[in-house]
Amino acid sequence: VAQAAPFKIGLLTVKTGPLAQGGIQMEQGIVTYLKEKNYTFAGRKVEFISADTGGNPAGTKTKAQELIERDKVDTIVGPLAAFELLAITDYIAQQKTPCMSLAAAEDMTQRRPNPYFLRASATSSQAMHPMADFAAKELKLKRMITVSEDFAFGYEQMGGFQQTFEEAGGRILNKLWPPIVTPDYTPYLAQIQDCDGVCQGFAGSNPLRFMKQYAAAGLKFPVVAGETGGDDALLRSFGEEAVGLYSCCPYTLDLETDSNKRFVAAMNKDYGVDPGFYCAGLYVNGMVIDAGLQKTGGKSDDKAELMKALRSVALTDTPRGQIRFDNYGNVVGDFYVRHIEMANGK
């Protein structure tokens, strides 16, 4: 009888401000998977509730409390930003609510592991380690300047980039930290000189503005980025200023697999957009929840058992390729280094 109750998924996302571009893609990603499965996982109806955090820690905490205490969700997907996730980790653990996050806060799967936390996306620096390795060994860059927003995700990305780049013999000359809402990057661009390349870690719609202003300033140093700085969803909005950009990401639009082609076609049809990392991350989270529920036979009343099932999920075919989880609850999967070029006027 209990199984007649719907399984409730609560989404924490951002629909306003510079991170909204990614936040809206998050919702589209999970909804695309729910539609594909006819809102049914393991024989149970799925009820979906979306909450806008406002892109700040206090708002995220409030919305998490509403989803858990008022809406009685079985699991939370999201939030987007590292600083949002850090604001709710203790609460999630106290409430024993499984949280499937996009946010990349390193501590969650390193120094402060949360038993109710699982991340099918990536840590902040996960893409930056291979990007730095590639920058040093393949692109032969020796001296670099980094620039990223002044928040947790930015610091953690650049920490990862610096560690691997220096291990490969490179040097970081300067690290620039514009605030997350920065209309004009001119004062920062003026500090980019006498280097071999630039690593940018911008998120949401900020990479668009940064790359346009970078080109307008006449800067020609090669640019590399992590999973958000060259996001596939931005390709339609980028102009020639993005040509030549290298980025590293756990998802790539052009992955030639059946599941990715299906996913891209559904996003194009329903929303008229190409999916990027934010979108694919939430679609894959949907797949993991579905697979976890199948392992428990559709039961979700014992949260510890559900969490154990979710952590044991390994998928061979997702839009990003194969994935499994390490013993800290972080994803293990392939990362793709991509290069932006012009082809057929696109």
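See above for the structure.
Residues numbered from 1 in each chain as written. Predicted model: local features only at pLDDT ≥ 70, side-chain atom pairs only at ≥ 80, totals over all residues. Heavy atoms only, no water.

Chemist: Residues and numbers for the environment of Phe-83, please.
Modeler: Summarising the element assignment, Phe-83 is placed in helix 3 (residues 82–95). Taking the relative accessible area as the measure of exposure, Phe-83 reaches 23% and is therefore partly exposed. In sequence terms Phe-83 and Ala-104 are 21 residues apart; their C-alpha atoms lie 9.1 Å from each other. Non-local contacts of Phe-83, meaning those with residues more than four positions away in its chain, are made with Gly-55, Pro-57, Phe-151 and Ala-152. (Helix = DSSP H or I, 4+ residues; strand = E, 2+ residues; numbered from the N terminus. Buried < 20%, exposed > 50% of the residue type's maximum accessible area, 1.4 Å probe, protein only. Contact = heavy atoms within 4.5 Å.)

Chemist: Can you lay out the sheet that holds strand 3 (residues 44–52) for me, pointing to particular residues and giving the numbers?
Modeler: The 6 strands lie next to each other as 2-3-1-4-5-6, forming an open sheet whose pairing is mixed. Strands with a single pairing partner mark the edges of an open sheet, and in this sheet they are strand 2 (40–41) and strand 6 (117–119). The pairing of strand 5 (residues 99–101) with strand 6 spans 3 bridges and is parallel. Paired with Met-100 across the two strands is Leu-118, which belongs to strand 6. Relative to strand 1 (residues 7–13), helix 1 (residues 20–36) is tilted by about 160 degrees, and along the sheet it contacts strand 1, strand 2, strand 3 and strand 4 (75–77). Helix 10 (residues 303–311) rests against strand 1, strand 5 and strand 6 of the sheet, and its axis sits at about 20 degrees to strand 6. (Pairing = 2+ DSSP bridges. Axes fitted to C-alpha atoms, helices over the stretch in contact; angles between N-to-C directions.)

Chemist: How would you sum up helix 5 (residues 152–167)? Please name residues and give values.
Modeler: Look at helix 5: 23 Å from first C-alpha to last across 16 residues, which is about the 22 Å you get at 1.5 Å a residue. Listed as buried for helix 5 are Ala-152, Phe-153, Gly-154, Glu-156, Gln-157, Met-158, Gly-160, Phe-161, Gln-162, Thr-164 and Phe-165. Summarising the contacts, the buried residues of helix 5 are in contact with helix 3, helix 4 (128–137), strand 7 (143–147), strand 8 (171–176), strand 9 (197–200) and strand 10 (223–225). Immediately downstream of helix 5, the backbone of Gly-169 shows phi near 95 degrees, a positive value. (Expected span 1.5 Å × (residues − 1).)

Chemist: Describe in detail the sheet that holds strand 10, supporting the description with residues and values.
Modeler: Note: strands within a sheet are paired through backbone hydrogen bonds, in either parallel or antiparallel orientation. As summarised here, the arrangement of the 6 strands in space is 8-7-9-10-11-14, forming an open sheet in which the pairing is mixed. The strands lining the two open edges of the sheet, one partner per strand, are strand 8 and strand 14 (336–339). Strand-to-strand, the axes of this sheet are offset by a mean angle of 20 degrees, without reference to chain direction. Summarising the sheet, strand 9 and strand 10 pair through 3 bridges and their orientation is parallel. Residue pairing across strands places Gln-200 opposite Ala-225, the latter belonging to strand 10. Sitting on the sheet, helix 7 (residues 206–216) touches strand 7, strand 9 and strand 10, and the angle it makes with strand 9 is about 160 degrees.

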